[in-house]
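Residue-level structural notes
Residues per chain are reported as follows:
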Amino acid sequence: MWEQELRMCVIDDIKTIVNGIVNHIPWEEHGIRIVGTASNGEDGIELIRSTRPHIILSDIRMPKLDGLEMTRAIVKQGDLTKIVFLSGYTDFDYAQQAIRLGAFDFIQKPFTPSQILEVVLKAKKAIEQELLEVRRMNEMESKIRESMPFLRQEYFRLLMRYPTSPLSASQRWDFLQIPLAKHHFTVMLVEIDHFMERSQALPVSEVELIRFSIQNIMEETIATYTTGFVFREDVHQFAAILNPSLEEKAEWIAEKCRENIGKYTRHTVSIGLGGEVEEVHEISRSYQQAMTALSYNFYTGGDSVYSFSNVPEHGGLTPRYSADKEKELLYCIRLGNEEKAMQSLDEFFDEGQAVAVPPDPEAVRAVYYELTFLINRVLAEKIPPADMAEMEALLLDMKNDPSLSLRELQEQLKQLCRLGCEKIRRQQSKEASQQVDEVIAYIREHLDLNLTIGEYAKMVYLSASYFSNLFKKVTGMTVTQFVTTERMERAKEMLTQGMQVQEISLALGYEDRPYFTELFKRHTGMTPSEFRQLYGGPK
């Protein structure tokens, strides 16, 4: 509901008419206040200018200045004023002209108070509707002004990603009141190094403070040398549209941004700089170039500026490795030979970097991801699924982090190989222990058999030499030493149980009793008879 009181003035050279209108109608009850009266057109103009009424009741024919001239003067002011003329029958043509000039309505003399009230209330309603519309428009304009930074940001985002027509780009540019010159642009992309990883443990307020600080430093640095518009492009990335400076090159301004961010924050940034374009609708081209340039920070590891002007026109050759080197690396990993695997990887890296022109970073990443896939496949063949979780997490991190530099990607690959080789060695040790345990169980069950090392090795499908070394590595003894030790320990038990020496000797695979006695004494420091006397058992 409209609550504002409307102002009204009455202009007529007949005093009784003015008094009747002013005093015989309860205007305040209808939300209208009389702000003044006048008896001629000239005084009426002054009254209107000083009181700025919403509604004017005026005669057409008046001294000094008639109603038509007064209407022209009022309309020129542009106020939301409704003029209602009080007209005699002979003034009908006059009234029509007045309405054409912008008067709201007219009342033919003579009139009644109710006629006056009816027309005035109609004018009041029209004014209130117009004032409401003005208020809506003002509120809308206010909201547009408040959201203008966001609208500009969205406009530039679309402008950078999608080509548009010159006319459309220019029209929206004017509407958004972009604070840049309309010609000569360069796009600069700024990425906070490792921001996603480093900000995970931080509270949201601190993350926002970091982003605000970096954007503020960029804005102040750019403003020192040229005009530019800076906005957030992503969680860890900013974009800047610059009008290239006549005094300073864009590369120099970008370097200053990098230096100041590193100086005043605890973060470093990588910057990609596109080429210069002439028109607004060409900004998308500079943006694509800036994206390409930013990707080449892959080789620097961050805290650097790369300009599209330095990007190779066709890019270097994508690194390819010989099948023999690949087989050698995978063979070393299968064996769990970490030292050889690291050496083989370093040869891969050195060969890939020994090029005059750096290849497209995405092509290099593809090669590294392919190598990672092969390594992972080998590990999956050698390691139980339950032990693959740690390496699969590492692989996922590599795949989901496109910001990894070349050096970081290489280190991740090395870490994968180190971890894989360690798990393979553990698995090998576990398997070896199981193989040896299998033979040990057989030996203990068949101490009467005199088998060769080769015969034991066949039980676990190994060569005699490998099994011999493996057995000693696991038990600390040779197979012969182990069999002898087990036989002597069993002999002790049998002696305490009252068995005869000859019987024990044959049961343990010794047909020559004196030889058994000699071995027993060598092992225990006493003969079988002496052992029985000392530890009991039937004589």
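Computed from a predicted structure; not experimentally measured.

Take the overall build of the chain next. Along its length, the chain carries 22 helices and 10 strands. For the chain, whose C-alpha radius of gyration is 49 Å, the value lies well above the compact-globule estimate of 24 Å for 539 residues. Within the chain, buried positions represent 42% of all 539 residues. Restricting the contact set of the chain to residue pairs at least 6 apart, pairs at least 24 apart contribute 67%. Of the roughly 29,500 Å² that the chain leaves accessible, carbon and sulfur atoms contribute 51%. Averaged over its 61 positive side-chain charges, the chain has a centre that lies 3 Å from the centre of its 80 negative ones.

Spatially, the 5 strands line up as an open sheet ordered β7-β8-β6-β9-β10, and their pairing is mixed. Pairing within the sheet leaves two strands with one partner each, and these edge strands are β7 (228–234) and β10 (304–307). Within the sheet, the average angular offset between the axes of one strand and its neighbour, ignoring direction, is 20 degrees. As paired strands, strand β6 (residues 186–192) and strand β9 (residues 269–273) are joined by 5 bridges and run antiparallel to one another. Residue pairing for β9: Ile 192 is matched across the bridge by Val 269. The strands touched by helix α9 (residues 204–225) are β6, β7 and β8 (237–242); relative to β7, the strand with the most contacts, the crossing angle is about 155 degrees.

As enumerated under the stated definition, the model contains 19 aromatic pairs in all. For the pair Phe 516 and Phe 520, a centre-to-centre distance of 6.1 Å together with 45 degrees between the ring planes defines the contact as tilted. In this pair, Phe 516 and Phe 520 both sit in helix α21 (residues 513–524), 4 residues apart, roughly one turn of the helix. Taken as a pair, Phe 516 and Phe 520 share a single burial class, namely buried. Aromatic side chains Phe 520 and Phe 531 sit 5.7 Å apart centroid to centroid with 85 degrees between the ring planes, which places their arrangement in the edge-to-face category. In this pair, Phe 520 is assigned in helix α21 and Phe 531 in helix α22 (residues 528–535), connecting sequence segments 11 residues apart. With respect to class, Phe 520 is no different from Phe 531; both count as buried.

Right, let's talk about the confidence of the model for the chain for a bit. When pLDDT is averaged across the chain, the result is 85; 94% of the residues are at 70 or more. Taken element by element, the predicted model of the chain shows its lowest mean pLDDT in helix α4 (residues 92–101) (70) and its highest in β6 (95).

Together, Asp 324, Glu 328, Glu 347 and Asp 350 make up a negatively charged patch on the protein surface. Taken together, the elements giving at least two residues each to the negative patch come down to α12 (323–335) and α13 (338–353). Asp 324 gets classed as exposed once you look at its relative accessible area, which sits at 60%.

Glancing now at the pairing of β9. The buried fraction of β9 is high, at 5 of 5 residues. What you see with β9 is no split at all: Val 269, Ile 271 and Leu 273 on one side and Ser 270 and Gly 272 on the other are buried throughout. For β9 and β10, the ladder comprises 4 bridges, and the chain directions are parallel. Across the sheet, Ile 271 pairs through a bridge with Val 305, a residue of β10.

Counting buried positions over the 5 residues of strand β3 (residues 55–59) gives 5, a clear majority of the element. With burial as the criterion, each face of β3 is covered, one bearing Ile 55, Leu 57 and Asp 59 and the other bearing Ile 56 and Ser 58. Summarising the sheet, strand β1 (residues 6–11) and β3 pair through 4 bridges and their orientation is parallel. Counterpart to Met 8 in the pairing with β3 is Ile 55. Summarising the sheet, β3 and strand β4 (residues 82–87) pair through 5 bridges and their orientation is parallel. The residue bridging Ile 56 from the neighbouring strand is Ile 83, located in β4.

We now examine the layout of surface pockets. Here the largest pocket is characterised by a volume of approximately 690 Å³. What lines the largest pocket is a set of 32 residues, among which Glu 191, His 236, Pro 402, Ser 403 and Leu 404 lie closest to the centre. Elements represented by at least two residues in the lining of the largest pocket include exactly β6, α8 (195–199), β7, α11 (283–295) and α14 (361–382). Across the lining of the largest pocket, the residue classes break down as 9 nonpolar, 12 polar and 11 charged.

For the rest of this paragraph, the subject is the nonpolar core. Counting residues in each nonpolar core, the largest one holds 32 residues, and the members touching the most others are Leu 329, Ile 333, Ile 375 and Leu 379. Those elements that place two or more of their residues in this core are α12, α13, α14, α15 (389–400) and α16 (406–445). The biggest single contributor to this core is α16, with 8 residues. The next biggest cluster of nonpolar side chains, apart from the first, holds 29 residues, and it includes Ala 457, Met 488, Phe 516 and Phe 520.

The next subject is the side chain of Gln 410. Counting through the fold element by element, Gln 410 comes out in helix α16. In this structure the side chain of Gln 410 is engaged in a polar contact, spanning 3.0 Å, whose partner is the side chain of Tyr 368.

Turning to the sheet that holds β1, a few remarks are in order. Judged by pairing direction, the sheet is parallel, and its 5 strands sit side by side in the order β2-β1-β3-β4-β5 without closing on themselves. Only two strands of the sheet have a single neighbouring strand rather than two, namely β2 (32–38) and β5 (105–108). Adjacent strand axes in the sheet meet at a mean angle of 20 degrees when their direction is disregarded. Both β4 and β5 contribute to a ladder of 4 bridges, which runs parallel. The residue of β5 that forms the bridge with Phe 85 is Phe 106.

What counts and what doesn't
Residues numbered from 1 in each chain as written. Predicted model: local features only at pLDDT ≥ 70, side-chain atom pairs only at ≥ 80, totals over all residues. Heavy atoms only, no water. Helix = DSSP H or I, 4+ residues; strand = E, 2+ residues; numbered from the N terminus. Rg over C-alpha atoms; globule rule 2.2 N^0.38 Å. Buried < 20%, exposed > 50% of the residue type's maximum accessible area, 1.4 Å probe, protein only. Contact = heavy atoms within 4.5 Å. Areas by Shrake-Rupley, 256 points an atom, 1.4 Å probe, with all protein chains shown as cover. Lys, Arg positive; Asp, Glu negative; His and termini not counted. Charge placed at Lys NZ, Arg CZ, Asp CG, Glu CD. Pairing = 2+ DSSP bridges. Axes fitted to C-alpha atoms, helices over the stretch in contact; angles between N-to-C directions. Phe/Tyr/Trp six-rings, centres within 6.5 Å; stacked < 30°, edge-to-face > 60°. pLDDT = per-residue confidence, 0-100. Patch = residues over 30% accessible without salt bridge, like charges linked within 9 Å, V, L, I, M, F, W, Y side chains within 5 Å. Salt bridge = Lys/Arg side-chain N within 4 Å of Asp/Glu carboxyl O. 1 Å grid on protein atoms, 1.4 Å probe; cavity = no way out; pocket = protein on both sides within 12 Å on 5 of 7 lines; lining within 4 Å. Points joined across faces, edges and corners; volume = space filled by probe spheres on them. Nonpolar A, V, L, I, M, F, W, Y, C, P; charged D, E, K, R; others polar. Core = buried A, V, L, I, M, F, W, Y, C linked by side-chain atoms within 4.5 Å. Polar contact = N/O pair within 3.5 Å; in protein donor to acceptor, adjacent residues only side chain to side chain.

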